[in-house]
Amino acid sequence: MDIELVTIGTELLLGYTLDSNGAEIARALAEHGIRVVRRTSVGDNGGEIRAAVGEALRRTGGVLTTGGLGPTRDDISKRAVAELLGVPLLFDAAVWEALVARFATLGRVPVPSNRVQAEVPRGATVLPNRWGTAPGLWLETTRLTAPGASRGLVIMLPGVPREMKNLLQHEVIPRLVALGSGTVVRSLMVRTTGIPESTLAERLGEIEAAIAPLTLAYLPGEDGVDLRVTAWALSPAEAVTRLRAAADLLRERGGEHVYGEGDADLAALVLDAARTRGFRIGAAESCTGGLVGKRLTDTAGSSDVFVGAVVAYDNTLKIALLDVAPELIERHGAVSEDVAKAMALGALARLGVDAAVSVTGIAGPGGGSPEKPVGTIWLAAASRGEATARRVMLPGSRGEIRARAAQAALFLLLRRLRSES
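Residues numbered from 1 in each chain as written. Predicted model: local features only at pLDDT ≥ 70, side-chain atom pairs only at ≥ 80, totals over all residues. Heavy atoms only, no water.

Student: Teacher, can you tell me more about the packing of helix α10 (residues 266–277) against helix α15 (residues 398–419) here?
Tutor: Two quantities define a packed helix pair, namely the angle between the axes and the distance from one axis to the other. It is at 9 Å that the axes of α10 and α15 come closest, and there the two elements cross at 25°. The angle between α10 and α15 places the two elements in the roughly parallel class. For the crossing formed where α10 meets α15, the hand is left-handed. Together, Leu266, Ala267, Leu269, Val270, Ala273, Ala274 and Arg277 of α10 and Gln407, Leu410, Phe411, Leu413, Leu414, Leu417 and Arg418 of α15 make up the contact between the two elements. For the contact of α10 with α15, the residue count by class is eleven nonpolar, one polar and two charged. (Axes fitted to C-alpha atoms, helices over the stretch in contact; angles between N-to-C directions. Helix = DSSP H or I, 4+ residues; strand = E, 2+ residues; numbered from the N terminus. Parallel < 35°, antiparallel > 145°, perpendicular 65-115°, else oblique. Left-handed = near helix turned anticlockwise from the far one by under 90°. Contact = heavy atoms within 4.5 Å. Nonpolar A, V, L, I, M, F, W, Y, C, P; charged D, E, K, R; others polar.)

Student: For this particular structure, what's the right way to read the pairing of strand β7 (residues 136–141)?
Tutor: Summarising burial for β7: five of the six residues are buried, a large majority. Two elements, strand β6 (residues 125–127) and β7, share three bridges in a ladder whose sense is antiparallel. By the bridge assignment, leucine 127 is partnered in β7 with glycine 136. Sheet analysis places β7 next to strand β8 (residues 152–157), joined by five bridges and oriented antiparallel. (Buried < 20%, exposed > 50% of the residue type's maximum accessible area, 1.4 Å probe, protein only. Pairing = 2+ DSSP bridges.)

Student: Explain the sheet that holds β7 to me, please; I cannot follow it from the model alone.
Tutor: Backbone-to-backbone hydrogen bonds join strands into a sheet, with any given pair of strands oriented parallel or antiparallel. Here six strands make up an open sheet; going across it, the order is β2-β1-β3-β8-β7-β6 and the pairing mixed. The sheet is open, and its two edges are formed by β2 (35–42) and β6, each paired on a single side. Averaged over neighbouring strand pairs, the angle between their axes works out to 20° when direction is ignored. Helix α6 (residues 161–179) rests against β3 (62–66), β6, β7 and β8 of the sheet, and its axis sits at about 165° to β8.

Student: Would you explain the pattern of salt bridges in this entry?
Tutor: Proximity of charged atoms lets side chains of opposite charge pair with each other. Enumeration according to the criterion identifies 24 salt bridges in this entry. Put simply, glutamate 83 and arginine 50 hold a salt bridge, and the shortest N to O gap is 2.6 Å. Placement of the pair is glutamate 83 in helix α4 (residues 77–85) and arginine 50 in helix α3 (residues 46–59), with a sequence separation of 33 residues. Residue glutamate 83 is classed as partly exposed on the basis of its relative accessible area, which comes to 47%. Here arginine 50 falls in the partly exposed class, since its relative accessible area comes to 29%. Three or more residues are tied together by salt bridges with common partners; here these are Arg244, Asp248, Arg251 and Glu261. (Salt bridge = Lys/Arg side-chain N within 4 Å of Asp/Glu carboxyl O.)

Following this line, the structure appears as structure tokens:
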């Protein structure tokens, strides 16, 4: 089953409010085999609402709207849709009584403007809102339907995220499932890091043909490239089987750059690897300014293995706190393999840990040179008194380079930990 989504609110178009509802609805519906094929945002304008809903009905036969069901003058969605469908708005005494009762539980009395929330397009089914004051609406119509469709469907939900989510889960999805075919749309994410999108695509080869009828999307970001594989309109059992097989193939071809699935967090994996080995870990940071430590401490319970980080931004601190020899900095520069190794070994000794990672680099926008341009990052991981280092060249703004450097440091530390017996 396909459906279109129309989000209503001038604040969405002005950029003051992010459309979190759209993503929530698409994910929830996909779990039940209902595909959102188009998303449209319009302002609080009756003509624009009528046009958007009417076009969606003609194209697809089904549309879900959010927003514009409140008591204020700019909440005009109901009236616009009623005009589009050629039905009047009728006062519903049962809706009004439920509204009065809800206000009473809050120690309030409805004001006259609240009465519009009890107006319902003739023929609509009211979706009771136990989480707010504006009920949802379910309207089936034969007007303006898509070619070949036996009926058109308009679902109207409030824009308040909590109310929308609960109405969607408890009132809308059960009704849509009853109309559907029993198939699902499900996705599985495989997470990679330390490899550019184009290089990863070359490594995966003709993967799309191998996993058909599933589809694959590359989602590059600061943490790496996520691979989202999606099963469309399959039975739940077949979707699970095919997704698992596809994920296993992606893991095989992605090799050492694959670090997890779903919402796996690299920092959490580092902590788990340290716990498994009974290691305590630390970090020495320069250009990242504490981002590696932040990533690790963002995970609850990190204190049992993560001791801390030395932020040695200035060279004097690298010397004083991490025992980096001044002649190394003079000979090779602060952004170099030798200094990165010395920082990691210094953290190992000074923090009294079993493994440590260091990062030093040029985040920009200034400070680069032909030999060491902006984005040059040296990383090192140390354990058992030995350190290994690698250089990475990272693109982006200063913030993006620093975030990517922290991710690269965590990945290097993870690989070091996993190499320990």
